[in-house]
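Examination of the molecular architecture
The residues making up each chain are set out below.
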Amino acid sequence: MFSAAKYIMNSDPAARSIWEVILTYSGFHALAYYRVSHWLYRHHRYLLAALVAHLGKQMTQVEIHPGAKIGQHVFIDHGTGVVIGETAVVGDYVTILHGVTLGSRRVVDGKRHPQVHDHVFIGANAMLLGNIEIGSFAKIGAGSVVINDVLSNTTVVGNPGAQAQQRKFHTVGKNI
């Protein structure tokens, strides 16, 4: 958990110390509750997992289903109102702002929530709905409603979400 707090401290210019993150960041606390509830869920202790998740929701205002799969160094900034559904998958180094929903579009058996790959940024109050994939290094704009797959290195904005641009990464500098 210290490495997660250190990552948040390095990612958030408002964070003044690792102890500030550990003691006061609701997104950090929500992920701690999630890690415990997910462990219980994986060990078929469903009621206890649901109780821990419920306590976490009451304490942090972030609702993460114990069955969701969340990677390392996820940063839930400001936290309030975030909802992550049961079959959602969130990769490593993902930033999620307040009010984000990773939800389903209809009641079906099996996979029904988004899969978010590594290094994705999801803006405030965005809704990612259904069994969709969000590619690595994508950015989802605030308030966007995304119901289709998003390519890697793409920015999506609006309702319904439309791919606004494809970013190309290249190195600038001298060859020695």
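One can find the structure itself at the top, above this paragraph.
The structure presented is a predicted model; accordingly, all values stated were derived computationally and were not measured.

This part takes up the sheet that holds strand 13 (residues 145-146). The strands making up a sheet are joined through hydrogen bonds of the backbone, oriented either antiparallel or parallel. Ordered in space as 1-4-7-10-13, the five strands form an open sheet in which the pairing is parallel. What marks the edges here is a single partner per strand, and that holds for strand 1 (63-64) and strand 13. Judged from the three bridges that link them, strand 7 (residues 101-103) and strand 10 (residues 127-129) form a sheet pairing that is parallel. Each bridged residue has a counterpart across the sheet, and for Thr-101 the counterpart in strand 10 is Met-127.

Enumeration according to the criterion identifies three aromatic pairs in this entry. The interplanar angle of 80° and the centroid separation of 6.0 Å between the aromatic rings of Phe-2 and Trp-19 together place this pair among those described as edge-to-face. Taken together, the residues span a long stretch of sequence, with Phe-2 in helix 1 (residues 2-11) and Trp-19 in helix 2 (residues 18-24) at a distance of 17 residues. In this pair, the class of Phe-2 matches that of Trp-19, namely exposed. Plain terms: the ring middles of Tyr-41 and Tyr-46 are 5.1 Å apart, the flat faces sit at 75° to each other, and that makes the pair edge-to-face. Judged by its relative accessible area of 21%, Tyr-41 is partly exposed.

A word on unusual backbone geometry. Within the chain, His-44 stands out as a residue other than glycine whose phi angle is a positive 60°. With respect to the helices and strands, His-44 occurs in the loop between helix 3 (26-42) and helix 4 (46-60). Positive phi, normally seen in glycine, also occurs at Phe-137, with a value near 65°. Looking at the secondary structure, you find Phe-137 in the loop between strand 11 (133-134) and strand 12 (139-140). In this structure Phe-137 comes out as partly exposed when scored by relative accessible area, which is 37%.

Let us look at the sheet that holds strand 8 (residues 115-116). Strand order across the open sheet formed by four strands is 2-5-8-11, with parallel pairing between neighbours. Whereas interior strands pair on both sides, the edge strands pair on one side only; in this sheet they are strand 2 (69-70) and strand 11. Pairing between strand 5 (residues 89-90) and strand 8: two bridges, direction parallel. Paired with Val-90 across the two strands is Val-116, which belongs to strand 8.

Our next topic: the side chain of Ser-144. Inspection of the secondary structure puts Ser-144 in the loop between strand 12 and strand 13. Residues within four places of Ser-144 in sequence aside, it is in contact with Asn-125, Ala-126, Met-127, Val-156, Val-157 and Gly-158.

Turning our eyes to something else, we now look at helix 4. Over its 15 residues, helix 4 extends 21 Å from the first C-alpha to the last, a length consistent with the 21 Å expected when each residue adds 1.5 Å. Here helix 4 has its buried residues at Ala-49, Val-52, Ala-53, Gly-56 and Thr-60. Down the axis, helix 4 shows its buried residues gathered within 100° of arc, on one side only. Buried residues in helix 4 make contact with helix 3 and strand 1. Positive backbone phi, approximately 65°, marks Gln-61, located one or two places after helix 4.

The rules behind these values
- Residues numbered from 1 in each chain as written.
- Predicted model: local features only at pLDDT ≥ 70, side-chain atom pairs only at ≥ 80, totals over all residues.
- Heavy atoms only, no water.
- Pairing = 2+ DSSP bridges.
- Helix = DSSP H or I, 4+ residues; strand = E, 2+ residues; numbered from the N terminus.
- Phe/Tyr/Trp six-rings, centres within 6.5 Å; stacked < 30°, edge-to-face > 60°.
- Buried < 20%, exposed > 50% of the residue type's maximum accessible area, 1.4 Å probe, protein only.
- Contact = heavy atoms within 4.5 Å.
- Expected span 1.5 Å × (residues − 1).
- Arc of directions from axis to C-beta.

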